[in-house]
Amino acid sequence: MSQWYMLTLVGKDQLGIVAKVTTALYKSGCNLGEASMLRLGGNFSIMLMVSYDNDKKQLYVLLEDVVRELNLHLHIDAIEGHLHQHRDPEVRITVHGADRAGIVAQVTSVLTEAGLNILDLESDVGGNTDNPFYIMHIEGIATQGIALLSHALQQLLAMQHPDLKVQLEPIETLVM
Amino acid sequence: MSLLEILTYPDPRLKTISAPVTEFDAKLQAFLIDLENTMRAGPGGVGIAAPQVGCFQRIVLLDVSSKPKIKHHGNLVLINPEITQWEGFEIGREGCMSVPDYTGNVIRAQYLHLMAQDQHGVQHEYDMEGFEARAIQHELDHLDGLLFIDRLVSRRHDLFRRKVYV
């Protein structure tokens, strides 16, 4: 009986991380599910659903060599995982402005209060050391409607962040 | 009324290039009724192409009138459709009855001019835009053995703005 695990792997970015990790998993009879993999600040990070018919300890063992060779940090959790559980996002929010502490905390706090369930968030710091800017894209479900999210963001901008640029747009999925 | 079975990816038959319709007979009329019922039974269901139900003929049904505040031509039977002009481009999220549990961003022309025959073989011309233009491009792809997942652009780093609400 196979079980879903969530693998988290992080290490200095180098050639071949994905190929080596997934080959080790494949050769040991694992099956991959959904994944997110990207380079963050010179590190390569992997969040990966893996289906395996043995226990967590064995999963650590089968990745031992590749983890040592690539000098990766590995963490494994057994999860209640299921495929085919996607939810379609209803709204997309883009935020950017001069980088400073608190943008994510403040923006997502007002959005949470206004009913936003975040499905996907990616953010980056661009610019240069002297003039960094922060940019964030969020996709989610407006559990209390898009108008409320828009109102909450407008208030936040007016009260605290007049210089932040925030855009909110509905995502209208056309199913054919 | 009968509902037709929808082929779902990765069924290789979805890659078939469909043939032009030459006979506008009673058999075609009966098929169009079943095809429309199948389209309306699906989630969303603003369009359907005959190859999605395993009939490899150049037939598309379209009805985006359920979307609020957009320009459209209502319920359309489009046989042997051909885009003769197109203009602009726009990114938008698409899903497909033949690709369950997945949606993605696709770039499509914003405006287009379409020529197509109706169920009786009479030629018509349409100027389409927005959702309706997107829908016909998605359906025309089915006639050529393509799915929207063949045309995906990244969900991340979306540089193409649409309406702005804040």
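A brief look at the structure comes next. Just so it is clear, the structure is predicted and the values come from calculations on it, not from any experiment.

### A few points about the overall build of chain B
Stage number 1. Of the regular secondary structure elements, chain B holds two helices and six strands.
Stage number 2. Helices and strands appear in chain B in the N-to-C order α-β-β-β-β-β-α-β.
Stage number 3. Its C-alpha atoms give chain B a radius of gyration of 16 Å, within 12% of the compact-globule value 15 Å for 166 residues.
Stage number 4. If one aligns the C-alpha atoms of chain B with their principal axes, the spans along those axes are about 50 × 35 × 25 Å.
Stage number 5. Counting only residues that meet the buried cut, chain B has 31% of its 166 residues in that class.

### Thoughts on unusual backbone geometry
Stage number 1. Here Y9(B) and P10(B) are connected by a cis peptide whose omega angle stands at 10 degrees.
Stage number 2. Topologically, P10(B) is positioned in the segment before α1 (26-41).
Stage number 3. One non-glycine residue with positive phi stands out, namely N71(A), at about 55 degrees.
Stage number 4. The residue N71(A) is located in the loop between α2 (56-70) and β4 (73-78) in this model.
Stage number 5. Accessibility expressed as a C-beta count within 10 Å gives 9 for N71(A), which makes it exposed.
Stage number 6. For H84(A), which is not glycine, the phi dihedral falls at a positive 60 degrees.
Stage number 7. Looking at the secondary structure, you find H84(A) in the loop between β4 and β5 (91-98).

### Comments concerning the sheet that holds strand β3 (residues 43-52) of chain A
All names here are of chain A.
Stage number 1. Reading across the sheet, the four strands line up as β2-β3-β1-β4 and stay open at both edges, with antiparallel pairing between neighbours. Edge strands, defined here as strands with exactly one partner in the open sheet, are β2 (31-40) and β4. Neighbour-to-neighbour, the strand axes of the sheet open up by a mean angle of 15 degrees, direction not taken into account.
Stage number 2. For strand β1 (residues 3-12) and β4, the ladder comprises six bridges, and the chain directions are antiparallel. What sits directly across from V10, in β4, is H73.
Stage number 3. Its contacts with the sheet place α2 against β1, β3 and β4, and it is angled at close to 165 degrees to β4.

### A word on the packing of helix α1 (residues 17-27) of chain A against α2(A)
Residue and element names in this part refer to chain A.
Stage number 1. At a minimum axis distance of 9 Å, the contact between α1 and α2 shows a crossing angle of 165 degrees. In terms of their interaxial angle, α1 and α2 are classed as roughly antiparallel. Here the hand of the crossing between α1 and α2 comes out right-handed. Of the residues in α2, those touching α1 at I17, K20, V21 and A24 are L62, L63, V66 and L70.
Stage number 2. Grouping the constituent residues of the contact of α1 with α2 by class yields seven nonpolar, no polar and one charged.

### A short note on the sheet that holds β5(A)
Residue and element names in this part refer to chain A.
Stage number 1. An order of β6-β7-β5-β8 is seen for the four strands of this open sheet, with the pairing classed as antiparallel. Only two strands of the sheet have a single partner each, and these edge strands are β6 (116-127) and β8 (165-170). Each strand of the sheet is rotated relative to its neighbour by a mean of 15 degrees, with strand direction disregarded.
Stage number 2. Where β6 lies against strand β7 (residues 132-142), eleven bridges are found, and the strand directions are antiparallel. In the strand pairing of β7, D120 is matched with E139.

### Focus: the interface of chain B and chain A
Stage number 1. Taken together, the 27 residues of chain B in the interface contact 18 residues of chain A.
Stage number 2. Elements with a contribution of two residues or more to the side of chain B that touches chain A: β1 (47-49), β3 (76-96), β4 (99-117) and α2 (130-143) of chain B.
Stage number 3. Sheet topology note: the strand β9 (residues 174-175) of chain A/β3(B) ladder contains two bridges and is parallel. Across the sheet, L174(A) pairs through a bridge with E94(B), a residue of β3(B).

### Overview of α1(B)
Residues and elements named next belong to chain B.
Stage number 1. For α1, with 16 residues, the first-to-last C-alpha span of 23 Å sits near the 22 Å given by 1.5 Å per residue.
Stage number 2. For α1, the set of buried residues is L35, T38 and M39. Considered in projection along α1, the buried side chains sweep an arc of 95 degrees and stay on one side of the axis. Residues of α1 that are exposed and point more than 90 degrees away from the buried face comprise A26, Q29, A30 and I33.
Stage number 3. Contact partners of the buried residues in α1: β1 and β2 (59-62).

The rules we used
- Counting from 1, residues in each chain are numbered in the order their sequence is written.
- In the order they appear in the text, chains get letters beginning with A and ligands get numbers beginning with 1.
- Only residues with pLDDT of at least 70 get local features here, since the model is predicted, and only at 80 or more are side-chain atom pairs given and counted; chain-wide, interface and lining totals rely on the full set of residues.
- In this text, helices come from DSSP runs of H or I with a minimum length of four residues, and strands from runs of E with a minimum of two, each type numbered from the N-terminal end.
- We compute the radius of gyration from the C-alpha atoms alone; for a globule the expected value is 2.2 Å times N to the 0.38, where N is the number of residues.
- In this scheme every C-beta is placed from the backbone, and a residue whose C-beta has 20 or more other C-beta atoms within 10 Å is buried, one with 12 or fewer is exposed, and one in between is partly exposed.
- Strands qualify as paired when DSSP identifies two bridges or more between them.
- Lines fitted to the C-alpha atoms define the axes, with helices restricted to the stretch that makes contact. Angles between their N-to-C directions range from 0 to 180 degrees.
- Working definition of a contact: two residues with C-beta atoms, positioned from the backbone, lying within 7 Å.
- When describing relative orientation, an angle under 35 degrees is termed roughly parallel and one over 145 degrees roughly antiparallel, while 65 to 115 degrees is termed roughly perpendicular and anything else oblique.
- Each crossing gets its hand from how the near helix is turned against the far one by less than a right angle, where anticlockwise is left-handed and clockwise is right-handed.
- Polar here means any residue outside two lists: the nonpolar Ala, Val, Leu, Ile, Met, Phe, Trp, Tyr, Cys and Pro, and the charged Asp, Glu, Lys and Arg; Gly therefore counts as polar.
- Expected helix span is given by 1.5 Å per residue-to-residue step, counting one fewer step than there are residues.
- Read the arc as the range of directions from the helix axis to the C-beta atoms.

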